[in-house]
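Architecture and fold: a report
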Amino acid sequence: DVVKVERPGSGDDTRAWGPPYLQGADGQATRESAYFLCANRNKRSIAIDMASPQGQQQLQQLAAKADIVLETFKTGGLAQYGLDYARLNALNPRLIYCSITGFGQNGPYAARPGYDFLIQAMGGLMSITGVPDGEDGAGPQKVGVALTDILTGLYATIGILAALQERRHSGLDQHIDTALLDVQVAALANQASNYLVGGVVPRRMGNAHPSIVPYQSFPTADSDMILAIGNDGQFARFCQVLGEPDLASDPRYASNSARVAHRAELVPYLQQRLQTRPSSEWLIALEQATVPCAPVNRIDQVFDDPQV
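Residues numbered from 1 in each chain as written. Predicted model: local features only at pLDDT ≥ 70, side-chain atom pairs only at ≥ 80, totals over all residues. Heavy atoms only, no water.

Remarks on the sheet that holds strand S10 (residues 293-295)
Here is the rule we go by: Two strands qualify as a pair provided that DSSP identifies no fewer than 2 bridges between them. Under the scheme used here, helices are H or I runs from DSSP no shorter than 4 residues and strands are E runs no shorter than 2 residues, and both carry numbers assigned from the N terminus. For every element, the axis is a line fit to its C-alpha atoms; helices are fit only across the contacting stretch, and the angle between N-to-C directions ranges from 0 to 180 degrees. Only heavy atoms matter for contacts: two residues are in contact if any of them lie within 4.5 Å across the pair.
Taken in spatial order, the three strands line up as S8-S9-S10 in an open sheet, and their pairing is antiparallel. Edge positions in the sheet fall to strand S8 (215-219) and S10, since each of these pairs with one other strand and no more. When the angles between neighbouring strand axes are averaged without regard to direction, this sheet yields 25 degrees. Two strands pair when backbone bridges link them, and strand S9 (residues 224-228) and S10 are joined in this way by three bridges, in the antiparallel orientation. What sits directly across from Met225, in S10, is Pro295. The strands that helix H11 (residues 279-288) touches are S9 and S10; relative to S9, the one it contacts most, it runs at about 20 degrees.

This is the structure we're talking about:
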């Protein structure tokens, strides 16, 4: 049972992050943006003025009976209202208190506000997303959804679930400190490892993969499609479908490491060959040969997909 506390009068900021807004039964727009509904469906809402003594008392009463309090204020911002971890833990010793901030509870940036867009830039994600330098449209790009926000929510949920399990056995409370920058750096995954192990700074590669070839988007006669060939057997079957079986035995392309080394020769040739037929024909043939591939769907096509 999730109770969302909002500001009296205006409510959560994301209520105004539109259009689009939900339409009511009378066809008129409501105050609820699509963005707000995405983040807050299945929650109950209550309006409390935490700046007033009465509001602070109401919130303390809620926390005294709660399993979990999750807050997204700047570090230290709730202490002035008596709603920080120390105060609420004194009222409810079994409380699991989760703080989500931009930069965490300590460190040189702890007092700064954090937004997903800023963190995608600071955390390195935008430096490896977008068109490569030297090509038309080159430059850093953010991901098309607020991915760092979403990942941080998932990290927070994992922490909360672990804390609930711990409390079941030990009775101990927890203060979970989850920060957008921490999560973004952790989510760099293989790109961070490539740098830390190999000493080479990753760069923007468009839809290509730094360690696998061919693993990217390709234009066809009528649209774009994705090839995600992860091993040499898949590449051999792809070459059969392409009508170029000898490519799979060519020493330049017979192994993934060789294909990575000869990317600049192989990829343009594949682009030329794949543009001879429409995506639908390639996708049917490749799926029959169990070669990983996919269309590049618009959002409306996603929701029309039979699997979705």
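Remarks on the sheet that holds strand S7 (residues 174-179)
Here we have three strands laid out as an open sheet, ordered S5-S6-S7, and parallel in their pairing. For this open sheet the edge positions go to strand S5 (68-71) and S7, each flanked by a neighbour on one side alone. The mean angle between the axes of side-by-side strands here comes to 15 degrees, regardless of whether they run parallel or antiparallel. Note that S5 and strand S6 (residues 96-101) share four bridges and pair parallel. Within the sheet, the bridge partner assigned to Glu71 lies in S6 and is Ser99. Its contacts with the sheet put helix H5 (residues 147-170) on S5, S6 and S7, and the angle it makes with S7 is roughly 165 degrees.

Quick word on H11
Heads up, the rule is: Under the scheme applied here, a residue whose accessible area is under 20% of the maximum for its type counts as buried, over 50% as exposed, and between as partly exposed, the area being computed with a 1.4 Å probe on protein chains only.
Taken together, the buried positions of H11 are Ser279, Trp282, Leu283, Ala285 and Leu286. Each element contacted by the buried residues of H11 is listed here: S9, helix H8 (232-242), helix H10 (263-274) and S10. Thr290 occupies a position one or two residues after H11 and carries a positive phi of about 50 degrees.

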